[in-house]
Amino acid sequence: MLAIVSSSHRNEPDTLLSQCFKYVVRNLDSVFYQDPATNGYELMPGQALPREICEALIKEYQLNGFQVNDKFIRLFKNTNNTSLRHVRIRNSAITDDGFKTILKHHLVELDISKCQMITDQSLHTLNEYSDRLVSLVVGNGVQLLPESLLYTAQNHSWSNQTTTPQSFEDRGFILRAPNLRRLTIRNIYIHREKKYFPLLLNSFPNLTVLDLSGCSDVENLEYITKLTNLISLTLHNVYKIQDSLPYICQLKKLVHLDISQSNEKMGLYQKENEALEYIVTNLPCLEALDISGTNLAGTGVAEQKLGGTTVGTDIPGLVSRVNRPLEFLGLYGTSHGACRRHDIPAKRISGDANEKQILIAAASYLERPDILQRVLNDLYQLFRYESCQNIKMALAVVLEAMDRHLTTKHIQISGSATLFYIVKNKDIPIMLSCRIKRAIVTTLLNGMNSHKNDDTMMRNGCLTLCQFKIPHDVLFEYKRLVGILLHIVSEMEQEGFVQRLGTYLLNSLACQVDGPQKQMLGDLGAVNRMLVIIDDRISRKVCDDVLEVAWSTMWNVTDETAINCQRFLDGKGMNYFLGCLQLFPDKDELMRNMMGLLGNVAEVKYLRPRLMTTSYIAVFAELVDSSSDGIEVSYNAAGVLSHMASDGEKAWTIEKPSRESVLDRMVQAIVRWPLTAERNINYRSFEPILGLARVFHTPECQHWAVWALANLTTVYPNKYCSLVESEGGLAILEEVLADPRPYQNIKDLAKIVIEKCNEYRGEMSERSKSPQLDG
């Protein structure tokens with residue numbers, strides 16, 4: 001059943017319980033004990049978890065992109081402190097040992113689809129603990145069931161401690177689960193064992209649901225007649241069904257029958273119209289029938305008269321259901337385009353004729369990756385070239401398909417391509433609430449993480465993520481997304497489109513986030529990865545947008561984050577700065593980004609001595625006179641020098657250029673800058689600038705700082721006047737005015753800042769007195 005968020009809950013945040021689960025599964029070490037001997041997680045002494053918590057932990061662990069393994073499953077080893085009844089561990093990496101831990105809970109429902117490390121060695125364990133089992137799904141890639149009726153008994157009570165080959169037939173059963181009602185076994189290959197399925201199913205006379213999709217040697221279904229309680233039978237991709245129709249039609253309680261095929265050659269019936277009519281007339285309770293991929297719908301040429309009565313359907317075999325339409329009819333990929341006919345006696349139809357049929361097909365075939373991939377491609381084309389009205393349903397099936405088939409690359413690619421068009425379309429009739437956005441982002445990252453080296457998947461994922469508000473919409477997945485993007489920029493094709501996308505997204509993630517996130521970027525290697533990109537471009541003498549964005553990313557990452565500034569210097573960042581300066585002196589954007597970064601480095605007092613070299617200071621002094629990118633390069637160069645000079649004369653440990661000549665050159669540049677110059681910069685705090693405004697021993701440093709404040713409050717008063725006030729800037733400027741050491745230019749600028757802040761405060765006061773419209 002698809003979980004579609006109701007429109008009435010679109011704007012509700014995640015429940016507190018949901019948020020708690022997300023925290024726990026992402027921080028297992030902070031909640032549980034990790035045994036150093038086994039490396040597995042265990043409950044703390046005195047801890048006990050009820051069943052609802054245990055089962056939700058497994059579910060949330062998978063939904064958050066983690067693969068269930070033995071290390072995680074050890075949490076549930078003590079059946080006195082934990083409890084499990086309904087377990088779905090698709091795509092997990094648990095071994096037979098982890099599987100035994102789960103089985104000891106005497107489960108009621110179990111789904112082990114795509115658990116490829118479970119072997120037939122676990123069959124005895126399953127039989128030992130299956131007394132309560134009601135539902136079992138053994139999906140693709142699981143080797144739990146034996147491929148023949150022979151086995152070698154070893155050290156089991158039921159084998160008399162022998163090691164000689166024995167037969168399941170002699171033992172009387174393969175799988176023992178006395179209360180089993182629903183059984184799904186998909187794609188098991190049995191070679192020339194005609195007695196296999198009769199023996200397997202003979203143990204479950206009370207089955208109500210049976211799915212043998214893709215199993216071999218299922219033909220001649222006479223044994224199925226003993227399952228008289230069956231209400232649902234799925235034989236998708238089971239061959240040679242026609243000869244077994246008489247046996248199937250003895251199951252008079254059947255409500256759902258699926259005899260569809262993914263390969264049309266395997267779905268050819270002789271006398272197809274009569275065969276379909278035989279099915280529907282002999283199964284009186286039938287409400288859902290899937291004949292996709294077969295020719296059972298006929299050619300579409302209906303017999304116009306039947307006993308003198310006009311036939312009301314274009315599918316001859318369904319004449320008897322004209323006045324009692326089926327609830328569901330599967331016609332996806334049927335011969336002669338049956339799904340496109342006009343008179344079809346069914347309320348819901350899977351097919352590719354229109355949006356409704358495609359969405360029904362997607363929801364109906366979520367467990368069939370080969371068919372699902374085709375349906376998702378149909379849905380993608382619908383979004384790309386036409387319009388989709390039921391966006392909510394489309395989004396739900398895409399997310400569910402991607403979550404269920406995490407390791408199936410083509411489903412992830414098709415799904416992510418469709419998500420791109422869903423998110424991109426600003427006119428879609430659905431509000432992408434915070435909860436829905438989070439579901440999309442998490443599903444995308446799960447897919448990208450599972451297919452890191454696939455260029456198309458990473459491209460689709462990055463393009464879709466670019467449609468969100470970065471970083472706001474992805475902060476909840478910040479660490480994981482950064483890890484994926486760092487992989488892209490370092491491992492994907494150099495100068496490729498995907499690397500470019502990854503670099504842009506990384507830069508966006510580094511911008512407008514707080515210190516902890518910036519430090520996390522550095523901790524995860526962002527600075528070093530950017531330096532590797534820069535080294536590559538310098539060695540090839542290529543200046544492109546990736547090079548510019550790499551410097552911009554480091555500029556953002558080092559903002560008020562000293563450790564990242566140190567990482568830049570430790571990574572020989574200054575060598576790369578000089579290299580780019582020499583190779584690309586006329587690239588304005590590059591120059592601005594590099595000097596912005598060095599401005600951040602210069603703000604860190606303990607790092608400034610590493611910049612105090614003749615070669616570096618000479619370069620900064622030259623750049624003070626630059627007109628590159630308006631005033632930005634000159635402004636940032638002067639900022640670097642102001643911080644260097646603020647440490648006093650003793651800290652100026654070089655002879656050339658002299659401190660006096662550099663300060664004089666800096667002041668000449670400041671005087672030239674137009675106070676109304678628009679800026680390509682974003683300040684979150686004025687703390688470093690206000691610190692320079694109090695350097696009375698070197699007024700030139702104050703000049704740069706107060707000019708910066710005057711410029712920003714003049715051009716952007718709404719943004720920066722309140723910041724000056726909130727950080728105590730007005731009091732500092734009053735000190736500047738009262739002190740005799742600052743020269744007149746500085747005091748004039750200080751007065752401008754105070755005046756702009758007073759004007760802004762007055763405007764805000766008047767605005768608060770005006771009447772406001774609601775909303």
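Preceding block: the structure.
In every chain, residue numbers begin from 1 and rise along the written sequence. A pLDDT threshold of at least 70 governs which residues receive local features in this predicted model, and a stricter bar of 80 or more applies before side-chain atom pairs are shown or counted, although totals over entire chains, interfaces and linings include all residues. Derived side-chain values reflect all non-hydrogen atoms in the structure, with water molecules and hydrogen atoms excluded from consideration.

A. Highlighting the pattern of salt bridges. Just to be clear on terms, a salt bridge is a Lys or Arg side-chain nitrogen sitting within 4 Å of an Asp or Glu carboxyl oxygen. This model, assessed by the stated rule, comprises 40 salt bridges. For D352, the salt bridge is made with R340, and the minimal N-O distance between the two is 3.4 Å. With D352 in the loop between strand 16 (346–350) and helix 11 (355–364) and R340 in the loop between strand 15 (326–330) and strand 16, this pair connects stretches of sequence that are 12 residues apart. Residue R340 is classed as exposed on the basis of its relative accessible area of 51%. With its nearest N and O atoms 3.0 Å apart, the salt bridge here joins D647 to K605. Of this pair, D647 sits in the loop between helix 27 (632–645) and helix 28 (659–672) while K605 sits in the loop between helix 24 (588–602) and helix 25 (608–611), and the two are 42 residues apart along the sequence. For K605, a relative accessible area of 55% gives the class exposed. One salt-bridge network, held together by shared partners, links R88, R90, D111, R186, D211, E367, E400 and R404. We count a stretch as a helix when DSSP gives it H or I for four or more residues in a row; a strand needs E for two or more, and each element gets its number in order from the N terminus. The cut-offs for exposure are 20% and 50% of the maximum accessible area for each residue type, with area from a 1.4 Å probe on protein chains only; residues under the lower value are buried, those over the upper are exposed, and the others partly exposed.

B. Highlighting the sheet that holds strand 3 (residues 86–88). Read across the sheet, 10 strands follow the order 3-4-5-8-9-10-11-12-15-16 without closing on themselves; strand pairing throughout is parallel. Here the strands that pair on one side only, and so sit at the sheet edges, are strand 3 and strand 16. Strand-to-strand twist in this sheet, taken as the mean axis angle between neighbours without regard to direction, amounts to 5 degrees. Pairing of strand 3 with strand 4 (residues 109–111) involves three bridges; the strand directions are parallel. For V87, the partnering residue across the bridge sits in strand 4 and is L110. For two strands to be treated as a pair, DSSP must find at least two bridges joining them. Only the contacting stretch of a helix is used when fitting its axis, a line to C-alpha atoms as for every element, and angles between N-to-C directions run 0 to 180 degrees.

C. Quick peek at the packing of aromatic side chains. Working definition: a ring pair exists when centres of Phe, Tyr or Trp rings (six-membered ring for Trp) sit within 6.5 Å. Plane angles under 30 degrees give stacked, over 60 give edge-to-face, the rest tilted. Under the definition given, this model contains 16 aromatic pairs. Here Y635 and W673 contribute two aromatic rings whose centre-to-centre distance is 5.9 Å and whose plane-to-plane angle is 55 degrees, an arrangement assigned as tilted. Here Y635, found in helix 27, pairs with W673, found in the loop between helix 28 and helix 29 (687–692); they are 38 residues apart in sequence, far enough to count as distant. Taken as a pair, Y635 and W673 share a single burial class, namely buried. Both rings, one in Y635 and one in W704, keep their centres 5.1 Å apart while their planes meet at 35 degrees; by these two values the pair is tilted. With Y635 in helix 27 and W704 in helix 30 (residues 699–715), this pair connects stretches of sequence that are 69 residues apart.

Interpretation in functional terms is not warranted from these geometric data alone.
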